[in-house]
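Single-letter residue listing:
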Amino acid sequence: MMVVTPTKIVCVGRNYAAHARELGNEVPKQPLLFFKPPSSLIGDGDAIVLPAASQQVEYESEIGVVIGKRARNVRAQDAAAFIKGYTCANDVSARDLQKTDGQWGRAKGFDTFCAVGPLVAEGLDWSMLEVIGRLNGVERQRGRTREMVFSIPVLIEYISHVMTLEPGDLILTGTPEGVGKLTAGDVVEVEIPGIGVLRNTVTGDQG
Ligand code: ZN
């Protein structure tokens, strides 16, 4: 089941310093934005399909922010009023293509590369959220909103000064360190305490 129907999915790269370093990147001086297409969305329980074009597809456990009302030129101190809720997200990424392509549209944009769910939780405190990533039951990632380079309100201020955010739009706020490769047959989970567990299986491309 799809819990969001965004007009756009805005993603933030390198928003945890330790993850930026694990990939050999600098911590950005301002938010690094990219997009995933809505066609990449899948829900809890759906399969992530490994495309034949990539040999290195990786999971990225993230906190997803769902916009509740149209947001344009919002100040960080007002941002909470524009948030509907939060959800678990997996920013699945073809790391090899991300490096060779330069632009990330292909590496981040394959069908099934944006897993979101199992629900959108309302009324949570953005500053207290934690995200945990597990591969085949083993914890690989754990990050807290207080470790983000740019906080959720600052991201909403920054993004809404570029583009109007519509109700249902989704912001993926970056992944903590511990990303790793997915293989057919894997089960990958993203948990946010207070929201639940997003669980997806991984399959090969059947053509
Ligand atoms: Zn990401």
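Residues numbered from 1 in each chain as written. Predicted model: local features only at pLDDT ≥ 70, side-chain atom pairs only at ≥ 80, totals over all residues. Heavy atoms only, no water.

Visitor: Looking at this model, I keep getting lost on the sheet that holds strand β11 (residues 138-144). Mind explaining?
Guide: Within a sheet, each strand pairs with its neighbour through backbone hydrogen bonds, oriented either parallel or antiparallel. As summarised here, the arrangement of the five strands in space is β4-β15-β14-β10-β11, forming an open sheet in which the pairing is mixed. Here the strands that pair on one side only, and so sit at the sheet edges, are β4 (47-50) and β11. Strand after strand, the sheet turns through a mean of 20° between neighbouring axes, direction not considered. Sheet analysis places strand β14 (residues 187-192) next to strand β15 (residues 196-204), joined by six bridges and oriented antiparallel. Looking at the pairing, Glu191 lines up with Val197 of β15. (Pairing = 2+ DSSP bridges. Helix = DSSP H or I, 4+ residues; strand = E, 2+ residues; numbered from the N terminus. Axes fitted to C-alpha atoms, helices over the stretch in contact; angles between N-to-C directions.)

Visitor: Sorry if this is basic, but what is going on with the pairing of β11 here?
Guide: Moving residue by residue along a regular strand, the side chains alternate between the two faces of the sheet. Relative to β11, strand β10 (residues 130-135) is paired through six bridges, and the arrangement is antiparallel. Paired with Glu130 across the strands is Arg144, a residue of β11. In this antiparallel pair of consecutive strands, β10 and β11, the connection spans two residues, and Asn136 shows a positive phi of 50°.

Visitor: Would you mind showing me how to read the packing of aromatic side chains here?
Guide: Given two aromatic rings, one states the distance between the centres and the angle between the planes to describe the pair. Evaluated as defined, the whole model comprises two aromatic pairs. Positioned over the ring face of Phe82 is Lys69, at 4.9 Å from the centre of the ring. (Phe/Tyr/Trp six-rings, centres within 6.5 Å; stacked < 30°, edge-to-face > 60°. Lys NZ or Arg CZ within 6 Å of the ring centre and 35° of its normal.)

Visitor: What am I meant to see in the coordination of the zinc ion here?
Guide: Protein coordination of the zinc ion is provided by Glu60 (OE), Glu62 (OE) and Asp91 (OD), with donor distances spanning 1.9 to 2.1 Å. Along the chain, the residues donating to the zinc ion fall in the pattern E-x1-E-x28-D. Taken together, the positions of Glu60 in the loop between β5 (57-59) and β6 (61-67) and Asp91 in strand β7 (residues 83-91) put the pair 31 residues apart, joining distant regions of the chain. (Donors = N, O, S within 2.8 Å, 3.2 Å for Na, K, Ca; no water.)

Visitor: Which parts of the structure should I look at to understand the pattern of salt bridges?
Guide: Between side chains of opposite charge, a pair can form as their charged atoms come close. Going through the model one piece at a time under the given rule, you end up with 17 salt bridges. Residue Asp91 is joined to Lys108 by a salt bridge in which the shortest nitrogen-to-oxygen separation is 2.9 Å. Taken together, the residues Asp91 in strand β7 and Lys108 in the loop between α2 (95-101) and β9 (114-121) connect sequence positions 17 residues apart. Both residues of the pair, Asp91 and Lys108, belong to the buried class. One salt-bridge network, in which partners are shared between bridges, spans Lys36, Glu58, Glu60, Asp91, Arg95 and Lys108. (Salt bridge = Lys/Arg side-chain N within 4 Å of Asp/Glu carboxyl O. Buried < 20%, exposed > 50% of the residue type's maximum accessible area, 1.4 Å probe, protein only.)

Visitor: For this particular structure, what's the right way to read helix α3 (residues 152-160)?
Guide: Note: α-helices contain 3.6 residues per turn, so residues at a spacing of three or four share the same orientation. Among all positions of α3, only Ile152, Pro153, Leu155, Ile156, Ile159 and Ser160 are buried. Taken down its axis, α3 places every buried residue within 160° of arc, on the same side. Contacts from the buried residues of α3 go to β1 (9-13), β2 (32-36), β6, β7 and β12 (170-172). (Arc of directions from axis to C-beta. Contact = heavy atoms within 4.5 Å.)

Visitor: Help me out: how do you make sense of the side chain of Asp169 in this one?
Guide: Its location among the elements puts Asp169 in the loop between α3 and β12. Overall, Asp169 belongs to the buried group, its relative accessible area being 0%. Reaching out from Asp169, the side chain makes a polar contact with the side chain of Thr7 at a distance of 2.6 Å. In contact with Asp169, other than residues within four places in its own chain, are Pro6, Thr7, Lys8, Val65, Val66, Ile67 and Thr164. (Polar contact = N/O pair within 3.5 Å; in protein donor to acceptor, adjacent residues only side chain to side chain.)

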